[in-house]
Amino acid sequence: MDEQHTGPAGPASGGLDPRAELSEFLRTRRARLKPEDVGLPDFGRHRRVPGLRREELAQLAGVSVAYYTRLEQGNGRNVSAEVLDSIARALRLTDAERAHLTHLAKPKRHRRKQAPRTEQVRPALRQLLESMDTVPAYVVGRRSEILAWNRMAAALFGDWGRMPAQERNWARLVFLDPDYRDLFMEWDQKASDMVAYLRMDAGRRPDDPQLVALVGELSVKSEEFRRLWAAHDVKEKSHGVKRMRHPLVGGLTLLWESFRPAGEGSEQSLVTYFAEPGSRSAEALRLLASWGADATRPGADRAAP
C-alpha cells in the first residue's frame, strides 16, 4: 500500500495530503453507488469490486477512463469546473460533497509561514449571545473549536469555562469525554456529524497544522473516530433535532439551527438550541434558566479572551 494513504497527514507537507484526500474521497463515493442506482446492468457475482467500476463512472460523467483514473489517483491539477460538475452529478453528490470535491481538486493556497491566529468573536456577536438568556447558544469556529457561549449553553452542555482553552473543542469532547456520550442519546449520529464537519474543514484548509494535530490525536485515542474518518463523509452545519439526557432536568428534545455570521470571510457559526413551545423540554429549559448560577459556575458564560 502507498504509505501516503495510511495516515491522516501527508509525510512531507506536515498537513493532510491533498492528492490522497482527493483519491480516497472519489473512491469512497464511487464505492457507495450500485449499478442499479444509476440505471446500469448489474452482473451480480461477476463484479469484483463494491460499487461502480471506474469505467462505468467515466461513462456516466462523459470523460475518458484514463482521464477519470488520473483524477481518482489524486491528479486534479488541470481539471475544469465543468468536468468536476459532471463527475459530481454522476456520483450523485450532495451540495456539501460538491464543495468538498472542488476544495480537494482545486485547493486554495494559504500562506504557510504565518503562525496560526486565534479566532476572534466580534463584540456584537458576544453581546447577542448574552442577550439570549433563555436560549442555549454558542459560537463555533474552525476545527469545531468552541469560541464563545452564553449561560444557558453552559447550563445545558457543561461548564466550558473550567476547561483549558485547547479542550473546548466539540470533536474532542464528543470522542474523549464520557459525559458527552451520556448527554447525547443518539451519540453515534453526533459523532458522525462531528467527523463530517471536520472533513469539510480539512478540504478547505488541508495545511492547517492544528487540524492535523487534532485529527492525529483523535485517531490515536478513538477507534470510532478512525473508522468514521476513513469513511470520508462530509457535511455542513445546518439544522436538526437533538435528544439529550441532562443530569439535572432529564430528557430533552431540542431543535437546533446554525447560522453563519456575514462578513470578513468568517468560518464561524452561531448555533442555537430551542424547544417546541408548551413542550416538556421547553419547561426544562425554563427551569435551567431560572436556576441561573445554581445550574453552572458563576462566570461560565464568558469565553476566555
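## Focus on the nonpolar core
Tyr 138, Phe 157, Trp 160, Trp 170, Phe 175, Tyr 180 and Met 244 are the most contacted members of the largest nonpolar core, which has 49 residues in total. For this core, the element with the highest residue contribution is helix H10 (residues 187-204), accounting for 7 residues. Contacts of Phe 157, omitting those with residues within four sequence positions, involve Tyr 138, Trp 170, Tyr 180, Leu 183, Phe 184, Met 244 and Tyr 273.

## Points about the packing of aromatic side chains
Counting across every chain of the model gives 15 aromatic pairs. Considering the side-chain rings of Trp 160 and Trp 170, the 5.6 Å spacing of their centres and the 85° angle between planes classify their relative orientation as edge-to-face. Here Trp 170 lies in helix H8 (residues 170-176) and Trp 160 lies in the loop between helix H7 (151-157) and H8, a separation of 10 residues in the sequence. Neither residue differs from the other here; Trp 160 and Trp 170 are each classed as buried. Each member of the aromatic cluster is reached from another via a ring pair, and the members are Tyr 138, Trp 149, Phe 157, Trp 160, Trp 170, Tyr 180, Phe 184 and Tyr 273. Over the aromatic face of Trp 170 sits the side chain of Lys 190, whose NZ or CZ is 4.5 Å from the ring centroid. Just above the ring of Trp 229 sits the side chain of Arg 199; from NZ or CZ to the centre is 3.7 Å.

## Some remarks on the sheet that holds strand S5 (residues 269-274)
In spatial order, the strands read S2-S1-S5-S4-S3; together these 5 strands make up an open sheet with antiparallel pairing. Taken across any chain shown, the strands that pair with only one partner, and hence form the sheet edges, are strand S2 (146-149) and strand S3 (239-246). Ignoring which end each strand starts from, the neighbouring axes of this sheet average 30° apart. When S3 meets strand S4 (residues 250-259), the two strands line up antiparallel, connected through 8 bridges. Note on S4: the bridge partner recorded for His 239 is Glu 257.

Criteria and cut-off values
- Residue numbering note: each chain is counted from 1, following its sequence as written.
- Reporting of local features is limited, given that this is a predicted model, to residues whose pLDDT is at least 70; pairs of side-chain atoms are given and counted only at 80 or more, and all residues count toward the totals for whole chains, interfaces and linings.
- The side-chain figures draw on all heavy atoms in the structure; neither hydrogens nor water molecules are used.
- The definition of a nonpolar core used throughout is a set of buried Ala, Val, Leu, Ile, Met, Phe, Trp, Tyr and Cys residues joined through side-chain atoms within 4.5 Å.
- Relative accessible area decides the class of each residue, using a 1.4 Å probe on protein chains only: under 20% of the type maximum gives buried, over 50% gives exposed, and in between gives partly exposed.
- Secondary structure follows DSSP: runs of H or I at least 4 residues long count as helices, runs of E at least 2 residues long count as strands, and numbering of each begins at the N terminus.
- Contacts are assigned to residue pairs with any non-hydrogen atoms lying within 4.5 Å of each other.
- Pairs were defined over the aromatic rings of Phe, Tyr and Trp, the Trp ring being its six-membered one, requiring ring centres within 6.5 Å. Orientation was assigned from the angle between planes: stacked under 30 degrees, edge-to-face over 60, tilted for the rest.
- A ring is considered to have a charge above it if a Lys NZ or an Arg CZ atom is located within 6 Å of its centre and within 35 degrees of its normal.
- Paired strands, as defined in this entry, are two strands with at least two bridges between them according to DSSP.
- Only the contacting stretch of a helix is used when fitting its axis, a line to C-alpha atoms as for every element, and angles between N-to-C directions run 0 to 180 degrees.

Note that all results are geometric; they support no functional claim without further evidence.
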